[in-house]
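Descriptive structure summary
Here are the chains, one letter per residue:
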Amino acid sequence: MWRRRERERRLDWRFLRVMTCWLALVLIGTGALGVGWAAAGGTKPQHVETTDAADRAPAAHGTHDDHAEAAHGTASHGADHHGAHADLGPILPLWSCIPFACMLLSIALVPLLAGEFWHHHFGKISAFWAASLGIPFLVAFKGAALYEILHIIIADYVPFIILIWSLYTVSGGILLKGRLRGTPLVNSTMLLVGTVLASWMGTTGAAMLLIRPFLRANNYRKQRTFMVVFFIFLVANIGGSLTPLGDPPLFLGFLHGVSFFWTFKLMPHMLTMVVLLLVIYFALDTYFFRKESARPPEAEAGGTRLALEGTYNFIFLFGVVVAVLLSGVIDWGDVNLFGIHRAIADWVRDGFLILMGVFSLAATPGRIRDDNDFTWFPIIEVAYLFIGIFITMIPCLLILKAGADGALAGLINAVRQPTHYFWVTGTLSSFLDNAPTYLTFFNTALGRFYPGMAEPEAVSLLMSENDLYLKAVSAGAVFFGACSYIGNAPNFMVRSIAEEAGTPMPSFFGYILKYALVFLVPAFVLISFLFF
């Protein structure tokens, strides 16, 4: 045992030294490129005046919630009323996205190649890739780069983490006790209930509320991985497509003039996906249930009746949902922090969410959280990894928001038909933040059909005359978030909670190759054929 630990310790240090050397090479190389570019008189960032309409479209993150309902308020009031600032999107090359790709590869491969090292040092790996982008970015673009980094931290990352933390904390104080056992029928019912709840309390809220009871009900089953994957598909993503409360892109559309109940027009698309995936799930669960000869443990089969403890946490949960909604529609002005303008309503919302979490911690007996197997590791893992994801994602988002003026101009100009909007918006939403992706193609559609028209009138006409395009953008942004662990904020949280509870989960690429490509992509093809 001692020798094995010693080998693992040496492997950790060897791996750390390799990464340190690589960091030095990355910083020296990219820094030299940035300085050389500036010294050679390369293209300078253009200074542009932001309009109020543009101000109301920041990169609302929530990795990718729910990526986050934090994006709800941020998208509304995290307005960058900063006057003139450097517009980097049109001049950034595609290779500036390399650190983001490496961050994703690290999440995918390091746990497989050096699992012990990853478990102890994933925060350092995240910091490594954040630095590999941030330092040369600052060297090359100075104040403009500093603004983008501060903006994504203050206006996007901090609200995202606060929202995720509050929902995780509050839901961890709600304990379902009793003899609920995971049969195919019970599991399918729980997935259906979670899918319905997701449109009204957000995909993050529904996922955090139900994942522990779902895991506990199936703790006697051998094959549990596919159950959690389908939970991510339905509860953490597709279920959020009916109202602006469900997913950040739809809330962003609501803030830009899409009526609250317009998203009910996505009902046929959502029902098709839900019915198809639930039928597949029920068939898989039934097959494994019979193959395992699975039966609930006798001691638990005659246990206590179902009962909820910590029900007062539903008050705090309701407070979180209402705070997110109100922060998007109340205008109390804004304040400046380090040059980043954020609405007062956003700060108030964030403070209120922290208060809800603190109240939950104070009101809930420790026994309930212990019985819920509640720990802080999942939220710590998400916080550490997503700071790296958010920072390395900056060039990708700037290029995307540059539209036809950026490095992805060819792709954006090629988007013409509703099916194009569905697949391109969706594919980008699988790995980037789905809120700014939604907004990019939402604005692309407005500009194509109603150039020069004021936004309120243009959005009204888009909803009535060309609603097929708006449906395609909306469905793509929400549905495709299920395609990867970073496609939506609750995806990674659910995975982390499941692994901590003893359920083996597929790797980053394993999730995509074994499940998303097998079950989701064929369903998307059907949606595209039927509706677009």
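1. Side note on helix α23 (residues 508–531)
Taking 1.5 Å as the rise per residue, α23 with 24 residues should run 34 Å; its terminal C-alpha atoms sit only 30 Å apart, a clear shortfall. Along α23, the sharpest kink reaches roughly 55 degrees, centred on Ala-516. Where α23 is concerned, the buried positions are Phe-508, Gly-510, Tyr-511, Ile-512, Tyr-515, Ala-516, Phe-519, Leu-520, Ala-523, Phe-524, Ile-527 and Ser-528. Check the buried side of α23 and you find it contacts α4 (98–113), α8 (225–234), α10 (267–292), α18 (418–429) and α21 (467–479).

2. Digging into the side chain of Asp-467
Along the polypeptide, Asp-467 turns up in helix α21. Residue Asp-467 is classed as buried on the basis of its relative accessible area of 17%. Excluding residues within four positions of it along the chain, Asp-467 makes contact with Trp-262, Lys-265 and Leu-462.

3. A few points about the nonpolar core
Ranked by internal contacts, the top residues of the largest apolar core, which has 151 residues, are Phe-137, Phe-233 and Leu-520. The element best represented in this core is helix α5 (residues 115–171), accounting for 25 residues.

4. Some points on the environment of Ala-498
Tracing the backbone shows Ala-498 in helix α22 (residues 489–500). Judged by relative accessible area, which is 0%, Ala-498 ranks as buried. Linking Ala-498 and Phe-214, residues 284 residues apart in sequence, is a C-alpha distance of 9.8 Å. Leave out the neighbours within four places in its chain, and Ala-498 touches Leu-215, Val-228, Thr-503 and Met-505.

5. A short note on the environment of Val-358
Take Val-358: it is sitting in helix α13 (residues 344–363). Once the C-alpha coordinates of Val-358 and Thr-169 are considered, the two residues, 189 residues apart in sequence, prove to be 8.4 Å apart.

Rules of the game
- Residues numbered from 1 in each chain as written.
- Predicted model: local features only at pLDDT ≥ 70, side-chain atom pairs only at ≥ 80, totals over all residues.
- Heavy atoms only, no water.
- Helix = DSSP H or I, 4+ residues; strand = E, 2+ residues; numbered from the N terminus.
- Expected span 1.5 Å × (residues − 1).
- Bend = angle between axes of the 7 residues up to and from the residue.
- Buried < 20%, exposed > 50% of the residue type's maximum accessible area, 1.4 Å probe, protein only.
- Contact = heavy atoms within 4.5 Å.
- Core = buried A, V, L, I, M, F, W, Y, C linked by side-chain atoms within 4.5 Å.

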